[in-house]
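Given next are the chains, with one letter for each unit.
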Amino acid sequence: MKLVFATNNSHKLEEVRQILGDRFEVLSLNDIGCHEDIPETGDTFQDNALQKARYVKEHYGYDCFADDTGLEVKALDGAPGVHSARYAGDHDSEANMTKLLGELEKKSDRSAQFRTVIALLLNGQELLFEGIVTGKIGTERHGDGGFGYDPIFIPDGYTQTFSEMGAESKNLISHRGRAVRKLAEYLKQL
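No experiment lies behind these values; they were computed from the predicted model shown.

### A short note on the layout of surface pockets
Empty space among the atoms can be located by rolling a probe the size of a water molecule over them.
Now for step 1: One number sums up the size of the largest pocket: a volume of about 910 Å³.
Now for step 2: Surrounding the largest pocket, 36 residues form its lining, Asn9, Lys12, Glu40, Ala85 and His91 being those nearest its centre.
Now for step 3: Those elements that place two or more of their residues in the lining of the largest pocket are helix H1 (10–20), helix H2 (45–60), strand E3 (64–73), helix H3 (93–104) and helix H6 (175–188).
Now for step 4: Ranked by the residues each element gives to the lining of the largest pocket, the list is headed by E3, at 4 residues.
Now for step 5: Here the residues of the lining of the largest pocket are counted per class, giving 8 nonpolar, 16 polar and 12 charged.
Now for step 6: Of the pockets and cavities examined, the second largest pocket occupies roughly 180 Å³.
Now for step 7: Looking at the second largest pocket, it is lined by 14 residues, and the ones nearest its centre are His11, Glu15, Gly146, Phe147 and Ala167.
Now for step 8: Where the lining of the second largest pocket is concerned, the elements lending two or more residues are H1, helix H4 (162–165) and helix H5 (167–173).

So this is what it looks like as structure tokens:
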């Protein structure tokens, strides 16, 4: 089965391809010639994921899935949330982590969760799949793997950050991994 994943983020694409395996051919936006910056103006992860998937279907005609992912920090009332990628600027992971660590400096509650929502547009239907992983924000960066906030996020039950875990271990427990496995279970039933 051929599906478009509405992303050009090579990290996300590789992560999803690893989880879905050979049964699905996952194409990126680049693979279909989509080079626009697709708007993400929703107030929720669901809104943004649906907006991206609908854009691809409407402009390119492909059945598609899209995700929106963010980090929600309890002591910051759920921030950065839907603004995670642009928290301190435009897709600057280092600046985002620096800002977040600064805002948590005097906070005792460092609990957080990563949330991914995947919107699937397939055969005229719209479906949503969600994955959440809870954990906490460390006090400094550790590890050089992963991307985004991975160097400062420690999932519950672990002592290592997502960056220190390696892709295979991270995919087993990550928010995106959980959402993609739900997507894959649905697709396998078709």
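### Side note on the packing of aromatic side chains
Now for step 1: All chains considered together, the criterion is met by 5 aromatic pairs.
Now for step 2: On the basis of an interplanar angle of 15° and a centroid distance of 4.7 Å, the ring pair of Phe5 and Phe65 is categorised as stacked. With Phe5 in strand E1 (residues 2–5) and Phe65 in strand E3, the pair connects residues that are 60 residues apart, well separated along the chain. We note that Phe5, like Phe65, is buried.
Now for step 3: When the centroid spacing of 5.8 Å and the interplanar angle of 50° are considered together, the rings of Phe129 and Tyr186 count as tilted. Here Tyr186 lies in helix H6 and Phe129 lies in strand E5 (residues 125–137), a separation of 57 residues in the sequence.
Now for step 4: Site record: aromatic cluster; members linked through ring pairs are Phe114, Phe153 and Phe162.

### Some details on the pairing of E3
Now for step 1: The element E3 is largely enclosed, with a buried count of 10 among its 10 residues.
Now for step 2: Burial along E3 is two-sided: the face carrying Cys64, Ala66, Asp68, Gly70 and Glu72 and the face carrying Phe65, Asp67, Thr69, Leu71 and Val73 are both buried.
Now for step 3: Relative to E3, E1 is paired through 2 bridges, and the arrangement is parallel. Across the sheet, Phe5 pairs through a bridge with Phe65, a residue of E3.
Now for step 4: Alignment of E3 against strand E4 (residues 111–122), held across 10 bridges, turns out to be antiparallel.

### Some details on H6
Now for step 1: The terminal C-alpha atoms of H6, which comprises 14 residues, lie 20 Å apart, in line with the 20 Å expected from a rise of 1.5 Å per residue.
Now for step 2: Taken together, the buried positions of H6 are His175, Arg176, Gly177, Ala179, Val180, Leu183, Ala184 and Leu187.

### Topic: the state of the cysteines
Now for step 1: Counting across every chain of the model gives 0 disulfides.
Now for step 2: Between Cys64, a free cysteine, and Cys34, which holds the nearest cysteine sulfur, the sulfur-to-sulfur gap is 9.1 Å.
Now for step 3: Using a relative accessible area of 0% as the deciding quantity, one classes Cys64 as buried.

### A word on the pattern of salt bridges
Now for step 1: Per the stated rule, a full pass over the model turns up 13 salt bridges.
Now for step 2: Asp67 is the salt-bridge partner of Lys12, the closest N and O atoms lying 3.2 Å from each other. You can see Lys12 sitting in helix H1 and its partner Asp67 sitting in strand E3, a full 55 residues away along the chain. By the burial criterion, Lys12 is buried, and Asp67 matches it.
Now for step 3: Within this structure, Lys12, Glu15, Asp67, Asp150, Lys170 and Arg176 form a network of salt bridges that share partners.

### Topic: the packing of H1 against H6
Now for step 1: Packing of H1 against H6 leaves a shortest axis separation of 10 Å and a crossing angle of 45°. Comparing the axis directions of H1 and H6 gives the class oblique. With respect to the hand of their crossing, H1 and H6 are arranged in right-handed fashion. Residues Lys12, Glu15, Val16, Ile19 and Leu20 of H1 lie in contact with H6, whose contacting residues are Arg176, Gly177, Val180, Arg181 and Ala184.
Now for step 2: Across the contact of H1 with H6, the residue classes break down as 5 nonpolar, 1 polar and 4 charged.

Reading guide: rules and limits
Residues numbered from 1 in each chain as written. Predicted model: local features only at pLDDT ≥ 70, side-chain atom pairs only at ≥ 80, totals over all residues. Heavy atoms only, no water. 1 Å grid on protein atoms, 1.4 Å probe; cavity = no way out; pocket = protein on both sides within 12 Å on 5 of 7 lines; lining within 4 Å. Points joined across faces, edges and corners; volume = space filled by probe spheres on them. Helix = DSSP H or I, 4+ residues; strand = E, 2+ residues; numbered from the N terminus. Nonpolar A, V, L, I, M, F, W, Y, C, P; charged D, E, K, R; others polar. Phe/Tyr/Trp six-rings, centres within 6.5 Å; stacked < 30°, edge-to-face > 60°. Buried < 20%, exposed > 50% of the residue type's maximum accessible area, 1.4 Å probe, protein only. Pairing = 2+ DSSP bridges. Expected span 1.5 Å × (residues − 1). Disulfide = S-S within 2.5 Å. Salt bridge = Lys/Arg side-chain N within 4 Å of Asp/Glu carboxyl O. Axes fitted to C-alpha atoms, helices over the stretch in contact; angles between N-to-C directions. Parallel < 35°, antiparallel > 145°, perpendicular 65-115°, else oblique. Left-handed = near helix turned anticlockwise from the far one by under 90°. Contact = heavy atoms within 4.5 Å.

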